[in-house]
Amino acid sequence: MSRAAIRYAKAVLSTAQDKKATEDVQKDMQDIIATISNSAELKIVLNSPLIKNEIKLASLREIFKNTGESTQKLFDTLIANKRIGLLEDVAKQYNVLFDQLNNTQVAKVTTAVALDKTLSAKVQAKIKELTGNEATIENVIDESIIGGFILRVGDLQYNASIANKLTTLRRELSN
């Protein structure tokens, strides 16, 4: 994450706090992240030096026409400073700062199948046991782990996957 993206995210958060709109801006940022990560064409447009800034701004205004004033001002600022390629990073960093502000954390849970309510409750209990805090669960599906789950909260990782147990068993047997 670039320093510039962090600075822009802090500025947006500060503006959003002044206007009591941090949650609205956070929803906008989640939309921005999802849209940009799902659209290779949009990434190309935002990062292309051949496309004029007016076209980039018009495109963003059309794509994100339901976003709030703070988000629209972010577009203007990034365009004016020729940093519009940082938009996705700024949005990601805003979410990190928003979570810190609200003392929440995001737990990335990798499972072989989608989480159901029972497994989600067990994972939430494990998060509470390991960190002492509740967390929002982001589920990533990876069939290569065979079963169980891999939990990442911040810099902490807990691997309870079948693939990990098989690898450990294989190492023990080879010794």
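Procedures and definitions
Residues numbered from 1 in each chain as written. Predicted model: local features only at pLDDT ≥ 70, side-chain atom pairs only at ≥ 80, totals over all residues. Heavy atoms only, no water. Helix = DSSP H or I, 4+ residues; strand = E, 2+ residues; numbered from the N terminus. Rg over C-alpha atoms; globule rule 2.2 N^0.38 Å. Pairing = 2+ DSSP bridges. Axes fitted to C-alpha atoms, helices over the stretch in contact; angles between N-to-C directions. Contact = heavy atoms within 4.5 Å. Buried < 20%, exposed > 50% of the residue type's maximum accessible area, 1.4 Å probe, protein only. Parallel < 35°, antiparallel > 145°, perpendicular 65-115°, else oblique. Left-handed = near helix turned anticlockwise from the far one by under 90°.

Trainee: Before we go on, may I ask you to explain the overall build of the protein in this structure?
Mentor: A count of helices and strands for the protein gives 8 helices and 4 strands. The order of α-helices and β-strands along the protein, N terminus first, is α-α-α-α-α-α-β-α-β-β-β-α. A globule of 175 residues ought to have a C-alpha radius of gyration of about 16 Å, yet the protein, at 20 Å, is considerably larger. Along the first, second and third principal axes, the C-alpha set of the protein runs to 65 × 35 × 30 Å.

Trainee: What is the right way to read the sheet that holds strand E3 (residues 148-153) from this model?
Mentor: The mixed open sheet is built from 4 strands, whose spatial order is E2-E1-E3-E4. Single-partner strands in this sheet number two, and they are strand E2 (136-141) and strand E4 (156-161). Strand-to-strand twist in this sheet, taken as the mean axis angle between neighbours without regard to direction, amounts to 15 degrees. Here 6 bridges tie strand E1 (residues 106-111) to E2, and the two strands are oriented parallel to one another. For Thr111, the partnering residue across the bridge sits in E2 and is Ile141. Of the strands in this sheet, E1, E2, E3 and E4 touch helix H7 (residues 117-131), which is tilted by about 45 degrees from E3.

Trainee: Please explain unusual backbone geometry as it appears in this structure.
Mentor: With glycine set apart, most residues show a phi of negative sign, and most peptide bonds adopt trans. A positive phi angle is found at Lys20, which is not glycine, with a value near 55 degrees. Examined against the element boundaries, Lys20 turns out to sit in the loop between helix H1 (3-18) and helix H2 (22-37). The class for Lys20 is exposed, based on a relative accessible area of 77%. Here the phi dihedral of Lys82 falls at roughly 55 degrees; this positive angle occurs in a residue that is not glycine. Along the polypeptide, Lys82 turns up in the loop between helix H5 (69-80) and helix H6 (87-101).

Trainee: So what exactly am I meant to see when it comes to the packing of H1 against H6 here?
Mentor: Contact geometry of H1 with H6 gives a least axis separation of 8 Å together with a crossing angle of 55 degrees. For the element pair H1 / H6, the angle class is oblique. For the crossing formed where H1 meets H6, the hand is right-handed. Across from Ala5, Ile6, Tyr8, Ala9, Lys10, Val12, Leu13, Ala16 and Gln17 in H1, the residues of H6 making contact are Asp89, Val90, Gln93, Tyr94, Leu97 and Leu101.

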